[in-house]
Amino acid sequence: MSEEENEERRDWSELPPELLHLIAKKFPDLTDFIRLRAVCSSWSSSAPLSDPPQQFPWLLELFQREYSCTLRRRQRFYALSSGETLTIPLKNKKLNMYSFIHGGVYSGYLPFNDSRESTFSFFNPLTRDSFSLPPTRRTIRSPWMVWTGTDPIRTRCIIVVDRNLWIWNEMGEWALYDPRSNQWVENEGYFYQCCYWHDMFFSTRVHEPTQVFDAHSKELLHEIPPPEIESRENWYGKGSISHLLRKSYLVVSSGVILRVIWHHDVYGINKKPIEESVFYIYRLDLERANHKSCWVRIGDIGDQIIFLGEMNGFSMTARPNSGFREGCIYFIDSSTNKPYMYDILAGTVEKVPCPFKRCTWFLPGL
């Protein structure tokens, strides 16, 4: 019997389950994982939904509406690993596309805000799973989300930050929802770029100290001076660089907190193209023994990849065939909502291929 005849007679459904499981865990894109499960029942059982491969972000198409962005009922996503554009119907009649919370990077669920009821709802476009949170004490009119954990319903605490865009001094409120207690913890303060890590809430602004709170008791634990590049002397003094520091992000990366500073001249006659952006990265050393907490400059992030949205970001470990390069920062230009990549070691910026006019990052999940 020839090799071709052997190939035709082979029963692919009898591949060892442990081999199929290893193959499934290598997929960089959920669409391939879903297609593998659809081949036959034995392949489906070897690749359970409860154990999907690590996923890398898709680009979520946004649509401009007055001063913010919204979604559509037939929502489009773009997967960089495959170059495929996916159209997924958002089949939930209760969702108001105009109440979509724009301004962050999204993980698994798309968030929506009902300001009249002071409630938030979440919708997974892949599984069509949805859930709502209980009302907050006060109306949060300009929210964005800080996500933690992997499952919003069972193991994730959700931080909602009120940006209060119309208030000059940016006095806002953060509210932490803990699914274990089904309650909110709310606190007022000056909040801009934030993250949540080990039951602590971190908040900072360009040239301001980083405040660290106990997320449950609201106690202020630390107040950490900004890096020298963001000091008030550099900000207001001779040779001020205030017009060059565009944003300062807080990102949890491989078990540490990073402060990622975006340096880009966007004002005046010397306005630079986005390709001339530069990023500075600092690692937070929390207080140990007699040493005060401080920011330490680092030159690279190893095998990590940082993703930045308009207001927040996250980090992932690089993998082959994912469509993303290790040691790089993938960011969204908030003036155009277009994606770019900054190579930290080379100091160069490249456009990220994208078929959409406006977009942001969405991390798909099952």
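Note that the coordinates shown come from a computational prediction; the quantities given were computed from them, not determined experimentally.

Participant: Quick question: what am I supposed to make of the overall build of the protein chain here?
Facilitator: Each helix and strand in the protein chain was counted, giving five helices and 27 strands. The proportion of buried residues among the 366 residues of the protein chain is 52%. Look at the contacts in the protein chain between residues 6 or more apart in sequence, and 48% of them connect residues 24 or more apart. Only carbon and sulfur atoms are counted for the fraction: they give 49% of the accessible area of the protein chain, which is about 18,400 Å².

Participant: How should helix 3 (residues 30-37) be read in this particular structure?
Facilitator: For an α-helix, 3.6 residues make a turn, and residues three or four places apart therefore share a direction. Looking only at helix 3, the buried set comprises Leu30, Thr31, Phe33 and Leu36. Buried residues along helix 3 sit in contact with helix 2 (17-25), helix 4 (41-46), strand 1 (58-61) and strand 5 (84-89).

Participant: For this particular structure, what's the right way to read the nonpolar core?
Facilitator: The tendency in soluble globular proteins is for nonpolar side chains to be buried side by side. By size, the foremost hydrophobic cluster in this structure holds 26 residues, and its most contacted members are Trp58, Leu60, Leu71, Phe100, Leu110, Phe112 and Phe362. The set of elements that each furnish at least two residues to this core consists of helix 2, helix 3, strand 1, strand 4 (74-79), strand 5 and strand 7 (110-114). Membership of the second largest hydrophobic core comes to 19 residues, among which are Phe56, Leu59, Met316 and Phe324.

Participant: Where do I start with the sheet that holds strand 27 (residues 359-363) in this structure?
Facilitator: Backbone-to-backbone hydrogen bonds join strands into a sheet, with any given pair of strands oriented parallel or antiparallel. Spatial ordering of the open sheet is given by 5-4-1-27-6, a layout of five strands whose pairing is mixed. At either end of the open sheet lies a strand with only one pairing partner, and these are strand 5 and strand 6 (106-107). The pairing of strand 1 with strand 4 spans two bridges and is antiparallel. Bridge assignment links Leu59 to a residue of strand 4, and that residue is Tyr78.

Participant: How should I be thinking about the sheet that holds strand 8 (residues 119-123) in this particular structure?
Facilitator: The antiparallel open sheet is built from three strands, whose spatial order is 7-8-9. In this open sheet, the two strands that pair with only one neighbour each are strand 7 and strand 9 (130-132). Taking each pair of neighbouring strands and ignoring which way they run, the sheet shows an average axis angle of 20°. Pairing of strand 8 with strand 9, which is carried by three bridges, proceeds in the antiparallel orientation. Residue pairing across strands places Phe123 opposite Ser130, the latter belonging to strand 9.

Participant: Is there a simple way to explain the UniProt feature "domain: F-box" (unreviewed entry) in the protein chain in this structure?
Facilitator: Mapped onto this numbering, the UniProt entry gives "domain: F-box" (unreviewed entry) at residues 12-46. A helix fraction of 66% and a strand fraction of 0% characterise residues 12-46, whose end C-alpha atoms lie 13 Å from each other.

Participant: Whenever I open this one, a nonpolar patch on the surface confuses me. Can you help?
Facilitator: A contiguous nonpolar surface patch, about 240 Å² in accessible area, is contributed by Ile34, Leu49 and Leu366. Relative to the assigned elements, Leu49 resides in the loop between helix 4 and strand 1.

Participant: Quick question: what am I supposed to make of the packing of aromatic side chains here?
Facilitator: The geometry of an aromatic ring pair comes down to the distance between the two centres and the angle between the two planes. With the rule as written, the count across this model stands at 22 aromatic pairs. Centre to centre, the rings of Phe279 and Tyr342 are 5.1 Å apart; their planes meet at 50°, and the pair counts as tilted. Taken as a pair, Phe279 in strand 20 (residues 278-285) and Tyr342 in strand 25 (residues 338-343) lie far apart in primary sequence, 63 residues in all. An identical accessibility class is assigned to Phe279 and Tyr342; each is buried. Their ring planes at 25° and their centres at 5.8 Å tell us that Phe331 and Tyr340 sit as a pair that is stacked. Looking at Phe331, the relative accessible area reads 1%, which means it is buried. Among the residues examined, Tyr340 registers a relative accessible area of 8% and is labelled buried.

Participant: Please explain the side chain of Thr70 as it appears in this structure.
Facilitator: Along the chain, Thr70 turns up in strand 3 (residues 68-70). The buried category is assigned to Thr70, whose relative accessible area is 6%.

Participant: Sorry if this is basic, but what is going on with the environment of Ser82 here?
Facilitator: Tracing the chain through its elements places Ser82 in the loop between strand 4 and strand 5. Residue classification places Ser82 among the partly exposed positions, given a relative accessible area of 39%. The spacing of Ser82 and Asp29 is 53 residues in sequence and 7.7 Å in space, taken between C-alpha atoms.

Participant: Just to check I follow, could you spell out the environment of Cys354 for this structure?
Facilitator: Note on placement: Cys354 falls in the loop between strand 26 (348-351) and strand 27. C-alpha separation for the pair Cys354 and Tyr78, spaced 276 residues apart in sequence, amounts to 7.2 Å. Aside from chain neighbours lying at most four places away, what touches Cys354 is Leu59, Tyr78, Pro339 and Cys359.

Rules used in this analysis
- Every chain begins its residue count from 1, and numbering advances along the sequence as written.
- This being a predicted model, a pLDDT of at least 70 is required before a residue's local features are given, and a value of 80 or more before pairs of side-chain atoms are given or counted; all residues contribute to the totals for chains, interfaces and linings.
- As a rule here, side-chain values cover all heavy atoms of the structure and leave hydrogens and water aside.
- Starting at the N terminus, helices and strands are each numbered in turn, a helix being any DSSP run of H or I of at least four residues and a strand any DSSP run of E of at least two.
- Accessibility here uses a 1.4 Å probe with only protein chains present; expressed as a share of the type maximum, an area under 20% marks a residue as buried, one over 50% as exposed, and anything in between as partly exposed.
- Residues count as neighbours in contact if any of their non-hydrogen atoms are within 4.5 Å of one another.
- Each accessible area is a Shrake-Rupley result for a 1.4 Å probe, and residues are judged covered by the shown protein chains and nothing else.
- To qualify as a nonpolar core, a set must consist of buried Ala, Val, Leu, Ile, Met, Phe, Trp, Tyr and Cys residues joined through side-chain atoms within 4.5 Å.
- Strands are treated as partners if at least two bridges between them are detected by DSSP.
- Every axis in this analysis is a line fitted to C-alpha atoms, fitted for helices over the stretch in contact. Angles between the N-to-C directions lie between 0 and 180 degrees.
- UniProt positions are given in the numbering used here, feature names are shortened, and annotations may be inferred rather than shown by experiment.
- Patch criteria: residues need more than 30% relative accessible area and no salt bridge. Like-charged residues are merged within 9 Å; nonpolar side chains of Val, Leu, Ile, Met, Phe, Trp and Tyr are merged within 5 Å.
- When a carboxyl oxygen of Asp or Glu is within 4 Å of a side-chain nitrogen of Lys or Arg, the pair counts as a salt bridge.
- A pair of Phe, Tyr and Trp rings is counted when the ring centres sit within 6.5 Å of each other, with Trp represented by its six-membered ring. The angle between the planes then sorts it: under 30 degrees is stacked, over 60 is edge-to-face, the rest tilted.

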